[in-house]
Every structure is written in structure tokens, then in C-alpha cells.
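Structural overview for review
Given next are the chains, with one letter for each unit.
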Amino acid sequence: MTATETRPAGEVGSARRRKEDARLVTGRTRWTDNIQLPGMLHLAMVRSPFAHARITSVDASAAREAPNVVAVLTGADVKDIQGSLPNAWPIAEDQKAPPHPSVAVDRVAFAGEVVAVVVARSAAAARDAAELVDVDYDELPAALDLKRAAADEVLAHPDLGTNKSAFWKFDSQEAGTGGSVDEAIATARADGIVIEREYRQQRLIPAFMEPRSVVCDPTGEQLTIWSSTQVPHFVRTFTAAVLGIPEGKVRVIAPDVGGGFGGKLQFTPEEVITVLAARHTGRPCKYTETRSESLLSAHHGRDQWQKLTLSATRDGTVTGLKVELLADMGAYLGLVTSGIPILGAFMFNAIYKFPAYQFTCTNVFTNKTWTDAYRGAGRPEATFAIERLMDELAVEVGADPMEIRERNWIRHDEFPFTTVAGLEYDSGNYEAATARAQELFDYEGLRREQRERRVRNDPVQLGLGISTFTEMCGLAPSRVLGALSYMAGGWEHASIRMLATGKVEVVTGTSPHGQGHETAWSQIVADRLGVPFEDVEVLHGDTQVAAKGLDTYGSRSLVVGGQAVVNAADKVVEKARAVAAHMLEASVDDIEFESGTFRVRGTDKGRSMAEVVWETFTCHDLPDGVEPSLDSEATFDPDNFSFPHGTHLCAVEVDTETGQVRVRRYVSVDDVGVIVNPLIVEGQIHGGILQGMAQALWEEAVYDEQGTLVTGSFVDYTLPTTADTISFTTDNTVSPSTTNDLGAKGVGEAGCIASTPAVVNAIVDALRPMGVNDIVMPCTPERVWQAIQSAGGSAGGGVPGGAQPHFDQGAPNQDAPGAEQKGADQ
């Protein structure tokens with residue numbers, strides 16, 4: 001199903017084409033790398049080829065003498081002024097972290113770390129001279145394997161004395177949100193089901209379309225930075241804090257930004273270095289990374305080992321869930337590195353009514369590129385694990401995996417529902433989304449086909465995968481973030497300026513990079529103020545224009561930033577109401593506002609918003625005490641997250657002779673609350689589904705035994721193309737959120753969260769009769785084939801629930817126990 005450009009009664013709900021698109025598709029964009037300033041210099045980075053080494057010397061003399069080179073800066077040159085890059089989320093009071101220099105001084109901790117920077121009159125001259133910088137290293141042992149690093153076999157930072165950065169725990173019994181998980185598991189071991197599994201979340205690379213770029217102009221009274229970033233307000237604050245510059249003297253502009261996926265939710269070494277180079281030379285400086293630099297040194301995502309223990313009664317009713325994580329931080333803590341796994345802590349219980357729950361996480365340093373936010377940020381990892389585990393429970397019970405989910409999920413009449421993790425889900429209807437998905441998918445028909453293929457021992461087996469998910473998004477409630485030791489708040493700001501001609505300027509603290517804020521915000525304001533959609537202009541991404549804001553990530557923009565826009569618009573209406581009452585010689589209490597017109601209740605006397613705006617602007621006859629401005633601003637901090645949910649169903653065909661996987665059908669029915677623009681929602685869902693599917697099937701950042709990234713180009717880091725995917729069938733159900741007046745929920749991460757387990761569940765479902773219980777992602781043909789060979793199975797002879805699981809077939813570290821069922825059946 002597709003969204004067409006429809007026109008409901010109001011703008012909200014209309015599938016308008018995005019205002020941004022004409023500029024983007026015709027090349028009239030202004031990327032950071034397009035910016036040219038008089039006298040601008042260009043930077044090239046000299047990066048370490050070693051994962052862990054002591055720097056014994058840096059000889060930059062030849063580079064300094066190269067043509068068109070203006071300066072070469074080493075760690076020794078900037079060590080006293082560069083500060084340390086911040087970590088804004090220390091999850092434990094005793095969290096350990098090394099200093100994080102932008103330019104390494106005496107030791108490098110990952111391959112790709114900057115050791116020197118060349119400043120030249122052209123980018124080519126800078127790159128050529130960078131080859132002339134002679135760095136001597138004394139190579140050190142590197143901590144590369146996450147489990148071995150957790151055991152402190154080799155230290156990533158010897159001065160810390162351990163690789164363990166922090167430990168974090170949530171226990172439902174201690175928190176008063178549930179019972180004892182240990183008691184639940186012990187009871188199930190005596191008379192019930194206990195399933196223990198270990199899953200691997202491979203390391204991923206955000207791989208945004210536009211490589212990171214930064215320009216700094218130090219000339220004049222103010223330091224101006226252009227950066228391809230998701231978080232211009234953060235960059236401003238941390239530039240000031242790290243480098244000791246008054247914040248009022250720093251202006252940050254995020255011009256057109258070509259994607260982020262969390263990968264540009266960062267305060268980067270390259271931003272600091274470009275500022276240092278500009279201040280050192282007194283001239284504008286630009287740095288734009290190459291694609292290989294982006295893959296090598298921009299932060300990565302995921303990278304966890306997940307050990308889970310689920311307890312249930314013998315009929316499959318869940319009683320407890322225990323989660324133990326090892327999370328790879330990489331070499332340093334970035335902006336929110338340490339907190340990313342903790343976001344998942346509240347989502348492992350998902351949509352299910354677990355009465356007892358415990359989550360522990362150990363953050364571990366390794367000598368690899370540091371990890372941080374990547375689309376979904378902790379919540380895809382949690383959803384993958386629990387959705388895989390629910391399929392395992394179905395096998396143990398001998399039930400269809402959909403039946404097991406229905407038995408355990410929160411019913412629509414139980415909302416609002418306080419979960420075992422302590423969150424209050426405000427609204428949802430899992431039954432409605434699932435029923436619609438099954439209808440579109442032809443679930444029963446595909447199950448019949450699956451049985452037929454198994455009976456005839458077809459070499460191409462059919463598998464069906466389910467993912468019934470929810471997520472916490474609209475990352476915002478400042479009190480919650482404070483309780484989790486996050487340094488910032490989660491509010492958002494907006495202001496509305498009413499121009500004399502009746503046009504409207506909306507200034508938002510959110511900072512889009514592909515989400516369509518200019519369109520959606522225009523729709524909201526057009527409805528709220530009764531003005532034409534075309535008369536609304538949205539300004540963003542410049543800290544001098546939008547001085548207040550906390551930017552865009554975590555599916556927060558609409559549910560937090562959009563509500564700030566609503567509140568500001570409502571203030572405009574209330575201000576205008578007083579002026580309209582005076583113009584109409586009526587009491588303010590008798591003035592109604594609808595569709596852009598103020599009317600006296602019960603009469604046809606009215607004034608348009610444009611007339612009121614002009615009257616306010618001229619200020620010839622305003623009521624006493626009314627200021628001549630309708631401009632308004634608002635800051636919104638919600639009391640709760642929003643909780644979108646959905647049911648995603650995937651059908652795959654697996655060639656058991658080659659391991660090749662073909663996605664045959666994919667259906668998603670998502671509940672993202674009230675939809676502002678169906679076209680934007682559909683685009684977000686489609687992109688998210690493919691991104692999550694890519695984790696399941698293709699993508700992985702791989703290091704060799706020396707700590708060199710061997711997937712350092714798109715030849716080896718295999719992103720999907722249009723040739724690798726199919727058309728998706730999408731639809732929506734609506735259960736309005738109660739956390740904002742729009743009734744909206746986030747959508748930016750939904751597809752990416754749901755699709756990975758749907759695809760992997762489908763692959764495993766196809767191969768269960770052959771004894772395959774798990775395949776470590778990505779499920780490449782080689783890994784699928786190896787799993788089949790290791791299991792020693794044949795294609796036919798079974799139905800879902802009919803095969804006993806085998807732990808981690810085809811996976812390394814097969815040291816965890818499998819499922820066990822005890823009680824009368826034994």
C-alpha cells in the first residue's frame with residue numbers, strides 16, 4: 001500500500017510532498033563541503049594504522065616544507081589546548097574512562113585515530129603532504145575480542161587497570177516494579193520451561209550518504225562553525241566547554257545534512273581540530289572526510305553479546321526474564337556511548353507481561369573505533385533478543401509463535417499499563433495491528449505452503465518471521481534522563497513569528513537531516529493558525545536563528561519539538577484573540593477561532609488572522625496593555641515517552657543447498673499514533689525496514705587480528721541496493737498517544753527496530769526441521785550453509801514447534817546451555 005497526495009479537511013493527515021525535495025533533487029542544496037570562504041584552508045588528517053601503539057616520534061618537517069602547506073599540527077602542539085572530548089552520559093558514579101584527545105599525543109588506541117593534521121591551501125595539497133608526515137610507533141597488544149576484553153586478557157588502556165568501564169543493573173524486585181527473577185527461574189526449573197540463549201549483535205557502521213564535513217571561520221567577532229551534524233546546539237555548547245570559548249561567541253550552523261542515522265549525533269575530534277587549525281592560522285579552515293575515513297573513524301554502532309534467560313509455565317506464559325549484556329564501547333566514550341545499551345534495558349520486556357525482570361550491562365573498552373548511537377540506539381538490540389526468544393519459547397511449547405505472543409502481550413483494554421521495567425505505556429492495540437498484518441500477509445496460507453514444502457523435502461524451504469514490537473521514543477522527559485545520569489535535558493523549543501504580510505516563520509530547535517520537518521511543521525502550523533501551508537516557512541539548524549534547542553535523534557522531533565510548535569501556535573491565537581475582540585467590539589470570552597477566522601459567537605462578524613496580524617503590526621488601535629506583537633515561543637518537556645508499536649511479518653525462501661536467502665514477502669502494520677504526513681511516515685518505515693533487514697542479511701564491520709578494519713569500503717561493507725530488496729506492504733493502525741496534543745508517536749526508528757528479528761526469525765523458521773536454532777548475523781549464504789551443515793539436517797519433516805532447538809548452530813562461543821523443560825514431562 002502506498003500513500004498518495006491526498007487532501008483531508010485539514011493539513012494534518014495530508015500526504016503532501018515535502019517542501020525540501022525540490023531543492024534536494026535539483027542540486028540546489030548547500031552541503032557543508034559546498035561552502036567556500038575567502039582565503040579558506042583545507043585539512044588532511046594523518047591517522048594511525050595501528051589499533052594500539054605508543055607514539056615514539058612524529059617528524060613533520062618534510063610535510064611543512066611541501067608546496068602550499070601552511071601548517072602541520074601534532075598532538076604535542078595542541079596537547080595543552082585541545083581539552084578532552086566529552087561523555088555526556090556517565091551511567092555509574094565509578095565509571096572509568098580515559099581522556100579522549102582529538103589528536104593523540106603519546107599513544108593511539110584504535111586504527112584511524114588522528115596523530116597529526118596538515119593545513120594547506122588546497123585539499124589535494126593537504127592530502128599529499130599528509131603522506132610526508134613520518135610517525136614512528138611502538139606497537140602494543142590490542143584488545144579486540146569483546147569477551148576476552150571483558151576478562152582483561154589485554155588492556156585497551158593500561159593506565160585504567162581494567163577494560164571494564166561501568167556496570168549497570170536494573171532489578172524489578174529492587175525497583176518495586178515486579179518480583180524476583182531468580183525465584184521465577186528457580187520455580188520454572190522445577191516445573192516449567194527455562195530457555196537460555198546467547199545472541200550476537202554485530203558491529204555496524206551508520207554509513208550516512210554525506211560524509212562528515214566541518215568549516216570554521218575564526219575571522220570577526222564570532223567563531224562560526226558549519227558542520228554536517230544532527231546536533232548543532234550540542235556542538236556549540238561543547239565547543240565552548242572543551243576549548244574554553246565563551247558560548248555567546250560560538251555560532252554553529254547545520255546546513256543541508258545528508259543523513260545521520262545517529263552517526264552524526266556526536267561532538268567529533270574533527271570538529272575540534274578544524275577549530276584549532278582555524279584559530280592557529282587565523283583563516284577559515286575546512287575538513288571533509290573521505291568515504292574510507294568515514295567508515296574507519298566515524299563512530300560505529302551495536303556490538304553486543306546478549307545472554308538471556310527466560311522462564312515460563314509449561315503452557316508458555318512468561319514468568320521471568322534475565323538479561324546479561326556485554327557492550328563494546330570501542331576505544332573511547334563518545335557523547336552518549338555508555339548510555340546506549342541502557343536505553344535497551346527498558347525494552348527487553350517489550351509488549352509482554354513479564355512479572356519479574358533483571359537487566360545487567362557491563363561496558364567494555366576495546367581497541368576499535370568507539371561505538372555510539374545508531375538508528376534505534378539500544379532498542380533494536382533489545383527487540384531482536386526478545387523476539388528471537390519468543391520464537392524459542394514457541395518451539396518448546398509446541399505452539400505457533402504468533403499464539404505465544406498473543407498469550408503474553410498486553411491487551412488493548414489494559415492500557416495505560418505499567419511494565420515490569422517501570423515504564424507506563426500510555427496507549428496501544430497490538431491485537432489490531434497484528435490482525436491487519438496477518439490479513440495482508442496471508443499468514444495461514446503461507447503456513448500451509450510451508451508444510452507442503454517440508455513434506456516434499458523441497459530444497460528451497462519457506463520460513464515465516466514475526467516481530468511484534470514496541471519502543472520508547474520521543475527521548476525527552478528531563479526528569480527521567482536526569483535519573484539516568486544523562487547530563488542534558490530532553491525539552492524542545494519553538495517560536496513563531498507573525499510577519500506583517502500574514503506570512504509565518506516557525507523557528508524550531510530540532511535539526512532535520514532528511515526527516516521532513518519543514519513540511520510537517522508547516523502542516524501543523526497551517527492547521528493551528530488557519531493560514532495557507534505555502535505561507536509557512538520553517539527555520540532551523542542555526543544556533544543564531546534558533547538559539548534554543550536540543551536537536552534531532554531518538555524519534556523525538558515530532559512528539560517533543562512538534563508539540564513545542566503547537567504550544568507556540570496556540571499562544572499566537574490567544575494573543576490574537578484579544579486584538580480580534582477589540583476589532584470586533586466584543587468580549588474576549590465571546591470570540592471563537594476556527595479555520596483562520598476570529599468570530600463573535602452566534603454572529604457572522606469576523607476577522608481573518610491576516611487582518612489581526614496587520615492590525616497588530618500597525619498598532620494604531622490596540623487595547624490598552626496589549627503589546628504590538630503576536631510572536632510567541634514555547635518550551636515543551638513531556639511527562640512520558642511515546643510508545644509506537646507494530647507487527648512486522650516476513651516470508652523468506654532459503655536454498656538449503658547454497659544458503660541463499662530471498663525475501664519473498666514483507667508486511668508491516670505500524671501504530672505511530674496520529675499521522676501528520678502519510679508520505680513521510682511511509683518513507684521512514686520503508687527506509688527503516690531495509691536498514692534493519694541489512695543488519696540481518698548483509699552488514700557487518702569486521703576487524704582482523706591486528707585491529708585493522710577490513711570492511712573499510714563499500715566493496716567490503718555491503719550496503720543493500722534497490723536490487724537487493726523487494727516492495728514492502730505497509731499499513732497503519734492508530735491509537736493516539738496521550739503524551740502530546742497531536743496524538744503522535746515517533747516513527748523514525750520503527751522499521752529498523754522491527755525488521756531485523758522478523759527476517760532472522762523467518763530464516764531460522766525455514767531451517768528448524770534441519771536442527772538449526774540460530775545463525776549469527778549477518779545471515780550470509782556462507783553462514784546459512786555452514787549452519788545447515790553443522791546441524792546435519794535434511795529439508796523436510798517438521799512443522800513449527802516440532803523441532804527441538806540446538807544452541808547457536810554455526811555461531812562462535814557456543815558455551816551457553818540450551819533450553820530445558822522440567823516437570824511432569826520429564
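Use the structure listed above.
Conventions adopted
- Residues numbered from 1 in each chain as written.
- Predicted model: local features only at pLDDT ≥ 70, side-chain atom pairs only at ≥ 80, totals over all residues.
- Heavy atoms only, no water.
- Axes fitted to C-alpha atoms, helices over the stretch in contact; angles between N-to-C directions.
- Helix = DSSP H or I, 4+ residues; strand = E, 2+ residues; numbered from the N terminus.
- Parallel < 35°, antiparallel > 145°, perpendicular 65-115°, else oblique.
- Left-handed = near helix turned anticlockwise from the far one by under 90°.
- Contact = heavy atoms within 4.5 Å.
- Nonpolar A, V, L, I, M, F, W, Y, C, P; charged D, E, K, R; others polar.
- Phe/Tyr/Trp six-rings, centres within 6.5 Å; stacked < 30°, edge-to-face > 60°.
- Lys NZ or Arg CZ within 6 Å of the ring centre and 35° of its normal.
- Pairing = 2+ DSSP bridges.

At a minimum axis distance of 8 Å, the contact between helix α12 (residues 379–397) and helix α21 (residues 750–767) shows a crossing angle of 30 degrees. One element, α12, and the other, α21, form an angle in the roughly parallel class. Considering how the two elements wind past one another, α12 and α21 form a crossing that is right-handed. Packed against α12, whose contacting residues are Arg379, Pro380, Thr383, Phe384, Glu387, Arg388 and Asp391, the element α21 presents Cys752, Ile753, Thr756, Pro757, Val760, Asn761 and Val764 at the interface. Its residues assigned to classes, the contact of α12 with α21 shows 7 nonpolar, 3 polar and 4 charged.

Before going further, it helps to examine the packing of aromatic side chains. Enumeration according to the criterion identifies 21 aromatic pairs in this entry. Ring geometry for Phe50 against Tyr137: centres 5.2 Å apart, planes inclined by 65 degrees, an arrangement best described as edge-to-face. Remark: Tyr137 occurs in strand β6 (residues 134–139) and Phe50 occurs in the loop between β1 (41–47) and β2 (53–59); sequence separation between them is 87 residues. Taken together, the ring pairs in this structure connect Trp168, Phe170, Phe346, Phe348, Tyr357 and Phe359 into an aromatic cluster. It is Arg16 that lies over the ring of Phe533; its NZ or CZ is 4.0 Å from the centre. Lys147 extends its terminal NZ or CZ atom over the ring of Trp305, reaching a point 4.1 Å from the ring centre.

A few words on unusual backbone geometry. Note that the residue after Phe415, namely Pro416, is joined by a cis bond; omega there is -5 degrees. Here Pro416 lies in the loop between α13 (401–408) and β16 (417–418). Within the chain, Ala350 stands out as a residue other than glycine whose phi angle is a positive 55 degrees. Among the structural elements, Ala350 can be located in the loop between α11 (340–343) and β15 (357–365). One non-glycine residue, Ser555, adopts positive backbone phi at about 50 degrees.

Here we come to the sheet that holds strand β28 (residues 729–732). Read across the sheet, 4 strands follow the order β18-β26-β27-β28 without closing on themselves; strand pairing throughout is mixed. Two strands close off the open sheet at either side, each with one partner strand: β18 (460–470) and β28. On average, each strand axis in the sheet is inclined to that of its neighbour by 10 degrees, with strand direction left out of account. Bridge count between β18 and strand β26 (residues 645–655): 11 bridges; the pairing is antiparallel. Along β26, the bridge assignment pairs Thr470 with His645.

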